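Coordinate analysis (summary)
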Amino acid sequence: MEKVRTNLMLCAGTGCVASGTAKVKDALQKELEKRGLEKEIKIVLTGCNGYCAEGPVMAVYPDEIFYQKLTVEDVPKLVEEHFLKGRPYQKLMFKEPEKKTAIPMMKEIPFFKHQVLRVLRNKGLIDPEKIEEYISRDGYQAAAKALTQMTQEDIIKVIKDSGLRGRGGAGFPTGLKWDFASKVKSDIKYMLCNGDEGDPGAFMDRSVMESDPHSVIEGMIIGAKAIEAHSGYIYVRAEYPLAVKRLHLAIDQATEAGLLGKNILDTGFDFELEIYLGAGAFVCGEETALMRSIEGKRGMPRPRPPFPAHKGLWDKPSVLNNVETLAQIAPIILNGSEWYRSLGTEKSTGTKVFALTGAVNNVGLVEVPMGIPLRTIIYDIGGGIRKGRKFKAVQLGGPSGGCIPEHLLHTPVTYEDIVATGAIVGSGGMVVMDENTCMVGTAKFFLEFTTDESCGKCPPCRVGTKILMDMLTDITEGRGKESDIETLEDLGRDIIATSLCGLGQTAPNPILTTIKYFRDEYESHIKHKWCKAGVCRELTTFLIDEKLCKGCGACLRACPSKAITGEKKMPHKIIQDLCVHCRTCYDACKFKSIKILPAKFQGDPAELEAVLEKSKREAE
Amino acid sequence: MPRLTVGDLQKIKEKHKAEFTLREGGYRAKVTVHMGTCGIAAGAREVMTALLDEIANAGIDDVIVTTSGCAGLCAREPLATVEIINAPPVKYCDLNAEKIKEIFREHIMAGNPVEKYALVVGCETMY
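Residues numbered from 1 in each chain as written. Chains lettered and ligands numbered in written order. Predicted model: local features only at pLDDT ≥ 70, side-chain atom pairs only at ≥ 80, totals over all residues. Heavy atoms only, no water.

**Thoughts on the packing of aromatic side chains**
Residue and element names in this part refer to chain A. Scanning the model with the defined rule gives nine aromatic pairs over all chains in all. Between Tyr134 and Tyr140, the aromatic rings sit 5.3 Å apart at their centres with planes inclined by 80°, giving edge-to-face as the arrangement. Residue Tyr134 shares its accessibility class with Tyr140, and that shared class is buried. Through pairs of rings, three or more aromatic residues link up here, namely Tyr190, Tyr233 and Trp314. Just above the ring of Tyr240 sits the side chain of Arg206; from NZ or CZ to the centre is 5.8 Å. Over the ring of Trp530 we find Lys532; its NZ or CZ atom is 5.0 Å from the centre of that ring. (Phe/Tyr/Trp six-rings, centres within 6.5 Å; stacked < 30°, edge-to-face > 60°. Buried < 20%, exposed > 50% of the residue type's maximum accessible area, 1.4 Å probe, protein only. Lys NZ or Arg CZ within 6 Å of the ring centre and 35° of its normal.)

**Some points on unusual backbone geometry**
Residues and elements named next belong to chain A. In this chain, Gly55 is followed by Pro56 through a cis amide linkage whose omega measures -5°. Among the structural elements, Pro56 can be located in the loop between β2 (41–46) and β3 (58–61). If you check the backbone angles, Glu64 has positive phi at about 60° while not being a glycine. When you line up the elements, Glu64 lands in the loop between β3 and β4 (65–67). (Helix = DSSP H or I, 4+ residues; strand = E, 2+ residues; numbered from the N terminus.)

**Focus on the pattern of salt bridges**
Applying the stated criterion across every chain, the model contains 42 salt bridges over all chains. A salt bridge links Arg341(A) to Glu346(A); its shortest N-O distance comes to 3.6 Å. The exposure class assigned to Arg341(A) is partly exposed, which follows from its relative accessible area of 26%. One salt bridge connects Lys11(B) with Asp8(B), and the closest N-O pair in it is separated by 3.6 Å. Pair noted here: Lys11(B) and Asp8(B) are both in helix α1 (residues 6–15), with a separation of three residues, about one helical turn. Each of Glu31(A), Lys34(A), Arg35(A), Glu80(A) and Lys85(A) takes part in salt bridges that share partners, so that together they form one network. (Salt bridge = Lys/Arg side-chain N within 4 Å of Asp/Glu carboxyl O.)

**Some remarks on the interface of chain B and chain A**
Residue-level contacts link 35 residues of chain B with 44 residues of chain A. Interface area for chain B against chain A, summed over the two sides, is near 3,400 Å², with a carbon-plus-sulfur share of 55%. Counting every contact that joins chain B to chain A gives two salt bridges. Remark: the boundary between chain B and chain A carries eight residue pairs in polar contact (both at pLDDT 80 or more). Mapped onto the side of chain B that touches chain A, the elements with two or more residues apiece are α1, α2 (17–24), α3 (37–42), α4 (44–58) and β2 (63–68) of chain B. No other element matches the seven residues that α4(B) contributes to the side of chain B that touches chain A. (Contact = heavy atoms within 4.5 Å. Buried area = accessible area lost by both parts, 1.4 Å probe. Polar contact = N/O pair within 3.5 Å; in protein donor to acceptor, adjacent residues only side chain to side chain.)

**Some words on the sheet that holds strand β5 (residues 118–121) of chain B**
Residue and element names in this part refer to chain B. Strand order in the open sheet formed by five strands is β2-β1-β3-β4-β5, with mixed pairing between adjacent strands. Every other strand in the sheet has two partners, leaving β2 and β5 as the edge strands with one partner each. Taken over all neighbouring pairs, the strand axes of this sheet differ in orientation by 20° on average, direction set aside. One ladder, built from three bridges, connects strand β3 (residues 80–84) with strand β4 (residues 90–92); its direction is antiparallel. Note that in β4 the partner of Ala80 across the bridge is Tyr92. Docked against the sheet, helix α5 (residues 97–109) engages β1 (29–34), β2, β3 and β4, running at close to 15° with respect to β3. (Pairing = 2+ DSSP bridges. Axes fitted to C-alpha atoms, helices over the stretch in contact; angles between N-to-C directions.)

**Notes on the domain arrangement of chain A**
Under the domain assignment used here, chain A contains domain 1 (6–106), domain 2 (131–341), domain 3 (351–434), domain 4 (439–527) and domain 5 (540–619). Each of domain 1 of chain A and domain 4 of chain A has a C-alpha centre, and these two points are 46 Å apart. (Domains from an automatic or database assignment.)

**Points about the nonpolar core**
Residue and element names in this part refer to chain A. Among the nonpolar cores identified, the biggest contains 71 residues, and Tyr140, Ile155, Trp178, Met191, Ile221, Ile222 and Phe271 are the most heavily contacted of them. It is helix α10 (residues 213–227) that provides the largest number of residues to this core, a total of eight residues. Both domains that meet at this core, namely domain 2 (131–341) and domain 3 (351–434), each give it at least three residues. Residue contacts for Phe271: discarding those within four places in its chain leaves Met191, Met220, Ile221, Ala224, Ala229, His230, Ser231, Gly232, Leu260, Gly261 and Ile264. (Core = buried A, V, L, I, M, F, W, Y, C linked by side-chain atoms within 4.5 Å.)

**Some details on a nonpolar patch on the surface**
Residue and element names in this part refer to chain B. On the surface, a cluster of nonpolar side chains totalling about 200 Å² of accessible area is made up of Leu73, Leu119 and Val120. Its location among the elements puts Leu119 in strand β5. Given the relative accessible area of 31%, Leu119 is considered partly exposed. (Patch = residues over 30% accessible without salt bridge, like charges linked within 9 Å, V, L, I, M, F, W, Y side chains within 5 Å. Areas by Shrake-Rupley, 256 points an atom, 1.4 Å probe, with all protein chains shown as cover.)

**Things to note about a positive patch on the surface**
Taken together, the side chains of Arg557(A), Lys568(A), Lys569(A) and Lys590(A) present a region of like positive charge at the surface. For Lys568(A), the position within the fold is in the loop between β16 (564–565) and β17 (573–574). (Lys, Arg positive; Asp, Glu negative; His and termini not counted. Charge placed at Lys NZ, Arg CZ, Asp CG, Glu CD.)

**Thoughts on the confidence of the model for chain B**
One rule of thumb: low pLDDT means the predicted coordinates there are not for detailed reading. When pLDDT is averaged along chain B, the result is 85; 96% of the residues meet or exceed 70. For chain B, per-element mean pLDDT is lowest for α2(B), which scores 76, and highest for α5(B), which scores 93. (pLDDT = per-residue confidence, 0-100.)

**A word on the packing of helix α17 (residues 439–453) of chain A against helix α21 (residues 509–527) of chain A**
Residue and element names in this part refer to chain A. Contact geometry for α17 and α21: axes closest at 8 Å, N-to-C directions at 140°. In terms of orientation, α17 and α21 fall into the oblique class. The element α17 and its partner α21 pack so that their crossing is left-handed. In this structure, α17 uses Met439, Val440, Ala443, Phe446 and Leu447 to contact α21, whose residues at the interface are Pro510, Ile511, Thr514, Phe518, Glu521, Tyr522 and His525. A per-class count over the contact of α17 with α21 returns nine nonpolar, two polar and one charged. (Parallel < 35°, antiparallel > 145°, perpendicular 65-115°, else oblique. Left-handed = near helix turned anticlockwise from the far one by under 90°. Nonpolar A, V, L, I, M, F, W, Y, C, P; charged D, E, K, R; others polar.)

**A few points about the pairing of strand β7 (residues 261–264) of chain A**
All names here are of chain A. In this structure, β7 lies alongside strand β8 (residues 269–278), joined through two bridges in antiparallel fashion. Counterpart to Ile264 in the pairing with β8 is Phe269. Here β7 folds back onto β8, and the loop between the two strands holds four residues, one of which, Leu265, carries a positive phi near 50°.

**Observations regarding the state of the cysteines**
Working definition of a disulfide: a covalent bond connecting the sulfur atoms of two cysteines. Residues and elements named next belong to chain A. Tallying each qualifying case throughout the model produces zero disulfides over all chains. For the unlinked cysteine Cys11, the closest cysteine sulfur is that of Cys16, found at 3.6 Å. Here Cys552 stays unpaired: no disulfide links it, and the sulfur of Cys589, its closest cysteine neighbor, is 6.3 Å away. (Disulfide = S-S within 2.5 Å.)

**Focus: the packing of helix α6 (residues 141–149) of chain A against helix α13 (residues 323–335) of chain A**
Each pair of packed helices can be described by the angle between their axes along with the distance between the axes. Residues and elements named next belong to chain A. Their axes nearest at 8 Å, the elements α6 and α13 cross at an angle of 60°. It follows from the interaxial angle that α6 and α13 lie oblique. Considering how the two elements wind past one another, α6 and α13 form a crossing that is left-handed. On α13, the residues that touch Gln141, Ala142 and Lys145 of α6 are Ala330, Ile333 and Leu334. Taken together, the residues of the contact of α6 with α13 sort by class into four nonpolar, one polar and one charged.

In structure tokens form, the structure reads like this:
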């Protein structure tokens, strides 16, 4: 018999695969064989570990050592040092960006320390392509319990009592949804899963489907029993090839093991599950549009009521739950509603997964108890802002959400508190922005997305978003009018009030929140033709403050259009006719000598300080 | 995989328990085989293999084996440290395959440190 003494949990999520997991795995395998260690040390390919920025990453158990940025070249030394001689290889161990000292133990890394894993309970711990590994972590025990010991009412009661709310964005109570559908009489009902994750920068659901597909399937089996459905679909976008592959594999394995199909676990309950590939349209994340898409029609929403609980897919009663919601179900059934409520707040219970991206040091996937302040997520888990820059705003909820400024960073992450700021919790995208971000440009970025993705069925959304988009373009290119801000707000509120579905009803949020918290930036764009962050090219003039310039030449070398001249150790100059306003010099200068001024600034550079001082006073 | 029944789920879980003990923690005992250059030269590899075989044959899943570098007393290699939860660690010296098997039976399984092979009990002073 062979005894495995060490497990190497090598991340094979999309992020790490892109940075070279496959090659590292081959190299590890070869090196372990060369050292005769292949039988006692086992490589396990896991789903997304969450720490994508530093991939490929690997956790070593039982040692609890965490390696990052693995390369093929490092493998021989790593195997020799750690796996042969037992000395953890310092060079590849996790280092806190601010400190530079190696902290090896996983539970000591701030990124992991503040998290509580429920949805991501199996992340990095199991091989998602092996059903035995999921079962070994209590997998399908909850389905077995629901099918053998619980009635429909029992299941619905536990989920209702747990306070679980839909993690897709709207936060509708899951138990209530199931309750509605269970009470409708029909011979055919459908249990559906929404895997049409589409917010820019969000990857929570992809990660769950990739790293723990069986948890979604198990949640669906329990939901199917609760509403008495015998068939279901997982709607997932075709742009998620790895998620699709692992879901297919998981469904095949579960079917073979009698966990899907006819007579599940010999309990007499039937549930057939299929995957439906979406084409990546944002609007298909809306429930009625998603159902039309599965029916083979063009994905467009329809007015509600009737709600899907009465007339859903093919006009049959249907329940649609988000991937993350479904992954929460099994532990609630096993541990009870009280256990679930032990984390979070009264109205927002349990945990929520966030895709933390943007200007933070630790980009990745995090799961935290609801009610935790935004600041803890950004500064403790996220490790603060990159390059020591200043925080400006955090964007929550993607194109449907809004930007939250620094003075609201104490806001607890709950459905109610976040809505009070004007943003939404949404599906969990969290984009952190630093001082170099233009907030008008940010609003424009999200509007561009919703304008593109608007399905065109209702005029407020189709026409309204286009008008908003045109106005934002004008403002960022120097054609803004003083009345624009008011028009943006009025039109935005009208679009919210009159659009048919969630896409239009939330599309103006990025504009409204940026006007609410960063009105001065809009005003400075419109009145002074000045983008202070230096992002909107038409609204900037770059000048070198000769008093601060040390003549180091860093900007001169970085400038792509050779617009900077100057002798060594003498103050440099920007030739305005050649400058393309790309801001490269601004980022290259270590002495903060490059100043961003309004468009076509004609003043004497000697008056720079006076101009800057005046604008500062105005802002205050 | 054949069709499963409710009882099978538990069986599968039991079967994989040892590996998940490695990943999740919760082990009862940990054996560190010191595998510095000195240890390897003195035969630590055989000691390690013998220990892994014993654990596998006994079919237990709450003992983990790990390696570490030179313990400092190269003259008495191969060395191994046995730590049972809630008991001070015991360092054994001058090991070979037979000795480690005896330590496995007596100390790890029965809980009685094997005095004749033991070097020290406890840890060195740390700052």
